[in-house]
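Each chain, written out:
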Amino acid sequence: MTAPEIRDRARRHALEARTAATIRALSRQPRVHFEAGRPWNGDTPLPNGAPHLQTQPGLDDPPAYRALADALALRLLRSDARLHQDRIPLLDPVAALIFEWLEQWRVEALAPERWPGMRGNLRRRFEQWLSLFQGSGLIETRAGQHLFCLALMARSRLFDEPVPERLEDLIESARYRMGPLLAGPLARLRRLRENQAAYATVAAELAAALARWFQDLAGKEEKRPPKRHLDFSVALLPPEGDEGEAAGQAAGGSSAEEAAGSGYAVWTRRHDRVVAAADLVRPALLRDYRRRLDEEIARLPWSLDRLAQALKRLLFKPRSEGRLFGQEEGLIDGRRLAQLIGSPDDHRVFFRERDEPVAQARIALLLDCSGSMRHHGTRLALLMDLLARVFGRADVPFELLGFTTGAWNGGRPAREWQAARGRPEHPGRLNELQHLVFWSQDMPRRQGRLNLTAVMKPELFREGIDGEAVQWACERLLARQDGQRRILWVVSDGGPMDGATALANPPGFLDAHLRQVVRHYTCGRGVEILGIGVNQDLSGYYPHSVGLDLDGGITMQALLALIRTLAPRRRRP
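Everything numeric in this text was worked out from a predicted model, so none of it was measured.

Analysis parameters
Residues numbered from 1 in each chain as written. Predicted model: local features only at pLDDT ≥ 70, side-chain atom pairs only at ≥ 80, totals over all residues. Heavy atoms only, no water. Salt bridge = Lys/Arg side-chain N within 4 Å of Asp/Glu carboxyl O. Helix = DSSP H or I, 4+ residues; strand = E, 2+ residues; numbered from the N terminus. Buried < 20%, exposed > 50% of the residue type's maximum accessible area, 1.4 Å probe, protein only. Core = buried A, V, L, I, M, F, W, Y, C linked by side-chain atoms within 4.5 Å. Contact = heavy atoms within 4.5 Å. Pairing = 2+ DSSP bridges. Arc of directions from axis to C-beta.

If you walk through the whole model with that rule in mind, you get 26 salt bridges. When the shortest N-O distance is used, the salt bridge between D70 and R66 registers 3.3 Å. With D70 and R66 both in helix α2 (residues 62-78) and four residues apart, this pair spans about one turn of that helix. The exposure class of R66 is partly exposed, given its relative accessible area of 39%. As a salt-bridge pair, R299 and E296 come within 3.3 Å of each other at their nearest N and O atoms. Residue classification places R299 among the exposed residues on the basis of a relative accessible area of 57%. Linked by salt bridges that have partners in common, R290, D294, D385, R389 and R449 make up one network.

Here we take up the nonpolar core. One finds L102, W105, L150 and L189 to be the most contacted residues of the largest nonpolar core, which totals 65 residues. Of all elements in the fold, only α1 (3-27), β1 (32-35), α2, α4 (93-109), α5 (116-136), α6 (142-159), α7 (168-191) and α8 (196-220) reach the threshold of two or more residues within this core. Leaving out residues up to four positions away in the same chain, L150 has contacts with I98, M178, L182, L210 and F214. Counting 60 residues, the second-largest nonpolar core is a separate cluster that includes F316, L365, L380 and M443.

Let us now look at the pairing of strand β13 (residues 485-492). Most of β13 is tucked away: eight of the eight residues are buried. Side chains of β13 alternate between two faces, with R485, I487, W489 and V491 and R486, L488, V490 and S492 buried alike. As paired strands, β13 and strand β14 (residues 528-534) are joined by six bridges and run parallel to one another. Bridging across to β14, V490 finds its partner in G531.

Another aspect to go through is helix α13 (residues 411-419). An α-helical turn contains 3.6 residues, so a residue and the one three or four places further along point in the same direction. By the burial criterion, the buried members of α13 are G411, P413, A414 and W417. When α13 is viewed along its axis, its buried side chains cluster within an angular range of 160 degrees and face the same direction. Turned more than 90 degrees away from the buried face of α13, the exposed residues are R415 and A419. Buried residues in α13 make contact with α16 (499-504).

Written as C-alpha cells, this is what we have:
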C-alpha cells in the first residue's frame, strides 16, 4: 500500500470508530461497531441500504459520518428490525430499495424536536447526496430523473417540508408523471409514521407499484451516456442478513454480494488432518533449510533486544510474588521495631512488595500456505524465526501454525461428490484440509527452530480455506483457560480460494464464511484477530489489519510495527 492509501485508510477507520461510539451512546446499544466498512450491532448488520446513507466519495467526510451515526441510531431506537425484515419485498431489488428508503425516512422524520443538531445533520446529509446525484450525470437519464423526484417528494411529504425552490424546475416533468401514483400513499404514510406495522403495509404496496413503474421506464430509456460522471451510484439493497446476493445497482453499475456465511457446509471431513509440518519434509532437507536460514539471519545488521523490550512493555503486567524483608527502604516492618531501638545504626527494618512481570497474552501466528504465497517461502521462514526469537526472549507463550489443502482442485472429497448420484447442489467445501503445526506451545526450542523451516518447501503450498483455519487456530487459543488475552495473527495475501469448492457453490461461499468466523470469535469469544496482508489489504475480511511488504525483505521497522499492534485495544462498552 502506498503512503496516501495508508493515510486514507487510517482516516476512514478513525471516522468509523467515532461513528460507532456515537451510535452506541445515542441508541444505548453497546455492541455497535464497524466491520469491513459496514456497521454491525453484535452479529447483526445494521440497515444502511437507503441510498443517502451509502458511504461513497463525497459522503465520507466527518459531517457525513456524524449524520450516518444519527440516522442509524434512530433506526435502532424507532424501528423493529424483525417486523421490517418480515415485510421487505426481497424478491424485487428495486422494491426492496424503495421500501428500505421509506422506512429510513420514517425514523428520521421522528427525530425528537429537542435534538435540533441531529435534525440538521440529517438534512445536510440528504442535501449532500442530492448534490452528488446531480453531479454524477444520473439525473440526465429518465430513470435518474424519476428516482431524484421520488427522493424529494417522499422526504418532503414525510418531513412536512417544502421541496427546495432551486430544485423545483428539475423535477417538474417527473413530478407531473409520478404525482398521481405518489400523492395518496405518501399522505397515508405521513399519518402512519408512529405505527410501523401499518406504515410498512402501505410502504410495501407503494414500493411494489414504483418498482413496476421503474421497470416500464427502463424499457423506454434511451441509451445515452451522461455528460458528467462522478464515482457515485445508487446500489440496490442486498437481502438483510449476514451477506446475500445483490441484484445490481439502480441508475448505473452493478454489484454482487457474497453468499450468506450462515449456509456454510462441508461435503466430508473424513480426509481432513492436522499434521506437524516437519513430517512433510525429509529430515536432510529440513537441516539444509535451517542452514540457509541461519545464513540469512547472520547477515541481519540489527539486534532483537529492542523488539523483546517493546513486547514486554505491551504485554507484561506486574504480579505480586510475596515480600522482600530486611530492606533499607520501603515500608516499616513492625516486627523489627525493637531492632531499630537496639541497633539504631542498622536500617534494615523495611520491607518491599516483590513484583514479577508476567505475560498477559497468548499469541498464535497462522500462516496462509496457499499457492500464491509459495514464492515467499524463505521470507516467511525468516519472519517466523525472528518472531519466535522475540517471543522466546520475552517469555511470551506462542504457536506458529499454517493451513493449506491436501490436494489441488478438491482431491478425494471432490471425486466423491462427482461420483455421488446427481451431484447434489451446493455441496459445501470440497477439499481436504491440511492444518499445519510449525511450532506448538510446548515444543522444545531446538525442535521448533528446525520445524518452522518446512515452510521453505514449495510443494507445501496448495489452496487455502481460511475460515476453517481461523476457527481451528482460535479454538487452540481458547483451549487454555488461563484468563489471558488471546491474540491471533493471520498472515495472508488475500481471501480464501479452492477451485473445486468455488465451482460447486454460490459466489463468495468461502469469503462469507471467513467473515462469519472472524466476527464470531472477535465479538463473541474475545479473541483478538489481526490480518497481516502480504502486499494486500485484508480489511475486507478482518476489522483490524495491517500491511506487510515481503518484497522489500524483513526489516526492523516492519517487525516493530507488528509488535506495536499488540497494544491493548480499547474494549467496547
